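Results of the structural survey
Residues per chain, in single letters:
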Amino acid sequence: MDNIDIDKLLENIVPMEDLTELQVGHIVKGVIAGVFNKFSFVKVGPVSCILPVSEISYDKKPKSPKAGTEIEAVVIRVSEEQGVMLSIKRAKPDPWESIDEMYHVGQRLDVTVKNIVDYGVFVEFGQGMNGLVHTKDITIQKHKNPKEILYLGEVKPAEIISIAKEKRRIQLSFKSCMDDPWKHVLEKYHVGQKLICKVVNIPDYGAFFEIEPGLEALLHRSEVGLTKKDKMKNYLSVGQELEVQIGTLDVGNKKISLRCEDFSSKLNTQIEGNEQ
């Protein structure tokens, strides 16, 4: 349908005698009669009109309404040669014209999750405004897949962190609306404290445990008698729980190291080299 001659097609299906009742600027109600790649047909009474995809909304990638959907649009062209063309988006003010009055960097507002992609989350707020929450700004929790902690239609608080008016882009952050757990670390934890934590990531040099959401600590392989030849993933798996002990607390650099007494016995396994 990309190469279809829309104007020629309309000449055959628009009842010419009915066009005199439609004028440019009129707001009309109609029903989507057919959906194609670049346009939709809309029935306004007996008149068949065309609705280009680019006239659906101010979004960069607008989605066509489904067949049978009732719409309100403004007439933007009336021609016996080219037919009637409608616009949904022009029936409403362009929100970007007054963006400076409505939104500013640092503003917090509720947004709705509309799409989850590899690099972030697209959200909707206000009167049809859209924005992006980049992956790094989704959560204080590391090693989390956005699809595991968010769902479509979810409403969450977010903070606007950048507005690019010329490019029509707004970037937001969920993370900035969350309480930083490092603010209370020294009140809740101390060196030598024993905890039962879950493994969240296993690089070659050790394993990261989640103490609480947004607060992770490293159990280095050297703390459990492993060498560079040993890989921690041979002894632990993501999601596994283990009793560990806080070795050091470095709030300034946001680092916590762990120890684990009787590592091999707790895992019910024998570390190579220790049994001699």
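This structure is a prediction, so every number in the text was calculated from the model and none was measured.

With 25 residues, the main nonpolar core has Phe209, Met232, Leu236 and Phe263 as its most contacted residues. Counting residues per element, the ones that place at least two in this core are strand S11 (194-201), strand S12 (206-212), strand S13 (215-220), strand S14 (241-250) and strand S15 (255-259). Listed in part, the 19 residues of the second largest apolar core include Trp96, Leu109, Val113 and Phe174.

It is worth spelling out the confidence of the model for the protein chain at this point. Of the residues in the protein chain, 89% reach a pLDDT of 70 or more, and the chain-wide mean stands at 85. Residue range residues 1-16 is modelled with pLDDT below 50. Its contacts to residues more than four positions away, or to other chains, number 29 contacts.

The backbone of Arg168 shows a phi angle near 55 degrees, a positive value even though the residue is not glycine. Take Arg168: it is sitting in the loop between strand S9 (155-164) and strand S10 (169-173). For Arg168, a relative accessible area of 32% puts it in the partly exposed group. Of note, the phi angle at Lys254 is positive, near 55 degrees, even though the residue is not glycine. With respect to the helices, strands and loops of the structure, Lys254 is situated in the loop between S14 and S15. Its relative accessible area of 45% is what places Lys254 among the partly exposed residues.

The next point concerns the sheet that holds strand S7 (residues 120-125). Read around the barrel, five strands follow the order S6-S7-S8-S10-S9 and close on themselves; strand pairing throughout is mixed. Ignoring which end each strand starts from, the neighbouring axes of this sheet average 50 degrees apart. Two strands pair when backbone bridges link them, and S7 and strand S8 (residues 129-134) are joined in this way by six bridges, in the antiparallel orientation. From the neighbouring strand, Val121 faces S8, where its bridge partner is Val133.

A few words on the packing of aromatic side chains. Under the criterion given, the structure shown has seven aromatic pairs. Plain terms: the ring middles of Phe36 and Phe39 are 4.9 Å apart, the flat faces sit at 20 degrees to each other, and that makes the pair stacked. Judged by its relative accessible area of 25%, Phe36 falls in the partly exposed class. Every member of this aromatic cluster is reached through a ring pair, and the members are Phe36, Phe39 and Phe41.

Attention now moves to the pairing of strand S3 (residues 47-52). Most of S3 sits out of view: six of its six residues are buried. Here six bridges tie strand S2 (residues 39-44) to S3, and the two strands are oriented antiparallel to one another. Paired with Val44 across the strands is Val47, a residue of S3. The turn joining S2 and S3, which pair antiparallel and follow one another in sequence, is formed by two residues; a positive phi near 65 degrees is taken by Gly45.

For the rest of this paragraph, the subject is the pairing of S8. In this structure, the hairpin formed by S7 and S8 is closed by a connection of three residues, where Gly126 is found at a positive phi of approximately 60 degrees. Relative to S10, S8 runs parallel, the two being bridged by two bridges. Counted as the bridge partner of Leu132 is Gln171 from S10.

Each value, and the rule that gives it
- Residues numbered from 1 in each chain as written.
- Predicted model: local features only at pLDDT ≥ 70, side-chain atom pairs only at ≥ 80, totals over all residues.
- Heavy atoms only, no water.
- Core = buried A, V, L, I, M, F, W, Y, C linked by side-chain atoms within 4.5 Å.
- Buried < 20%, exposed > 50% of the residue type's maximum accessible area, 1.4 Å probe, protein only.
- Helix = DSSP H or I, 4+ residues; strand = E, 2+ residues; numbered from the N terminus.
- pLDDT = per-residue confidence, 0-100.
- Contact = heavy atoms within 4.5 Å.
- Pairing = 2+ DSSP bridges.
- Axes fitted to C-alpha atoms, helices over the stretch in contact; angles between N-to-C directions.
- Phe/Tyr/Trp six-rings, centres within 6.5 Å; stacked < 30°, edge-to-face > 60°.

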